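Close look at the chain arrangement
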Number of protein chains: 2
Amino acid sequence: MDPIGFEQHDHSTCIADGVARVAEYCKREGLQFTPVRKRVLEILLHQHRSMGAYEILDILRAEGLGSQPPVAYRALDFLVKNGFAHKIERLNAFTACTHPGENHTPAFLICRKCNSVAEAFSEPDKGRLAKTAHDLGFRIERVVVEAEGICPNCTEAPA
Amino acid sequence: MDPIGFEQHDHSTCIADGVARVAEYCKREGLQFTPVRKRVLEILLHQHRSMGAYEILDILRAEGLGSQPPVAYRALDFLVKNGFAHKIERLNAFTACTHPGENHTPAFLICRKCNSVAEAFSEPDKGRLAKTAHDLGFRIERVVVEAEGICPNCTEAPA
DNA sequence: TTGATAAACGTCATATCATAACATATCAAT
DNA sequence: ATTGATATGTTATGATATGACGTTTATCAA
């Protein structure tokens, strides 16, 4: 049991399930779920935190799956574009999506102590921002919501 | 009259007023509003869009105010830390705060066509994200909200 | 006013994040 | 098998950001 989304969680089937779901989705949609792409997704699923592209690249390199930055970035682009992973802008890092296939606007809770990342939902159509945008005539296409703070595990064990 | 926050607006006094307000605030708080810091704020206020650190540095360099990256980054750090400017994470760029001195959680509306940036308010204490964080026991300290889309000026004149 | 301390600056070097460009290989559909 | 699209390998470079260290400037107490 590893802490996931700040809760204890059966992680053992988590990676396999995540990969399987994405594999199935790709098959349905005619997307190529190539070895590098699959491996990068596995790497991200393995950690419930965000990882930098070069950190992922180091792992790929050790496994002989690619040694140059574009290899990692291209795989990450694929995963992000299709909603299997997200980029955390605040950290210039990436994390596996916990709701692949579902259409959603993710919001992230980032612990500044342990760097774990939990994915929550935001509702960009509601609230003050939506109203402001509507009033101004601004058409929102995409919203980044990233909350930084202290996760429950780190609150309990302060430095 | 320049478009500001997507609206026509008297920009002429805007820079002077912004600088004056910050200068006064700094005096009150005992902060050093040095020439470089003041100039960087002016540069940011001059544009109602975000600017990269190196873009700002180029201007400083041309004016003999500093030629190395740390000069720009240190001034920007000062402005951001004190709430006179904000970093747009999505763009790795900076923009002058339109409500300096007021305690607020900014939300940004970023036009992907003309790169203008409008600062709005978000209400991180309300809405679904706040509820999720509370339920999980996550203590939010800071929230980044950045909406990307098309501003009214660019909607009217599509490419 | 001066001396001590902290804050800011100038500079060099380097770390970190990201992509352009182009050649080669693989896949998918005829 | 051919062809066009997609993916990969590789080189090179661009863009963003910070560590470290010595010098200068500001602040403030004595």
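Residues numbered from 1 in each chain as written. Chains lettered and ligands numbered in written order. Predicted model: local features only at pLDDT ≥ 70, side-chain atom pairs only at ≥ 80, totals over all residues. Heavy atoms only, no water.

The next thing to look at is the pairing of strand 7 (residues 139–150) of chain B. Of the strand pairs in this sheet, strand 7 (residues 139–150) of chain A and strand 7 of chain B are connected by 11 bridges, and their pairing is antiparallel. Residue pairing in the sheet places Gly149(A) in a bridge with Ile140(B) of strand 7 of chain B. Relative to strand 7 of chain B, strand 5 (residues 106–111) of chain B runs parallel, the two being bridged by five bridges. Across the sheet, residue Ala107(B) finds its bridge partner in strand 7 of chain B, namely Val145(B). (Pairing = 2+ DSSP bridges. Helix = DSSP H or I, 4+ residues; strand = E, 2+ residues; numbered from the N terminus.)

The next subject is the protein's contact with DNA strand D. Every one of the 16 residues lining DNA strand D counts as a neighbour, but Thr34(A), Gln68(A), Arg74(A), Tyr54(B) and Lys87(B) are closest to it. A distance of 2.6 Å is found between a base nitrogen of DNA strand D and a side-chain nitrogen or oxygen belonging to Tyr54(B). For DNA strand D, a phosphate oxygen lies 2.6 Å from a polar atom in the side chain of Lys87(B). If you list the elements that add at least two residues to the surface near DNA strand D, you get helix 4 (69–81) of chain A together with helix 4 (69–81) of chain B. Split by residue class, the surface near DNA strand D holds seven nonpolar, five polar and four charged. (Near = heavy atom within 4 Å. Polar contact = N/O pair within 3.5 Å; in protein donor to acceptor, adjacent residues only side chain to side chain. Nonpolar A, V, L, I, M, F, W, Y, C, P; charged D, E, K, R; others polar.)

Another point: the pattern of salt bridges. On inspection of all chains with the given rule, the structure shows 28 salt bridges over all chains. Put simply, Glu89(A) and Arg90(B) hold a salt bridge, and the shortest N to O gap is 3.9 Å. Taken as a pair, Glu89(A) in the loop between strand 3 (85–88) and strand 4 (93–96) and Arg90(B) in the loop between strand 3 (85–88) and strand 4 (93–96) lie in two separate chains rather than in one. Residue classification places Glu89(A) among the buried residues on the basis of a relative accessible area of 5%. We note a salt bridge from Glu141(A) to Arg139(A), for which the minimum N-O separation is 3.8 Å. Classification of Glu141(A) as partly exposed rests on a relative accessible area of 39%. Judged by relative accessible area, which is 46%, Arg139(A) ranks as partly exposed. Connected via shared salt-bridge partners are Glu89(A), Arg142(A), Arg90(B) and Glu148(B). (Salt bridge = Lys/Arg side-chain N within 4 Å of Asp/Glu carboxyl O. Buried < 20%, exposed > 50% of the residue type's maximum accessible area, 1.4 Å probe, protein only.)

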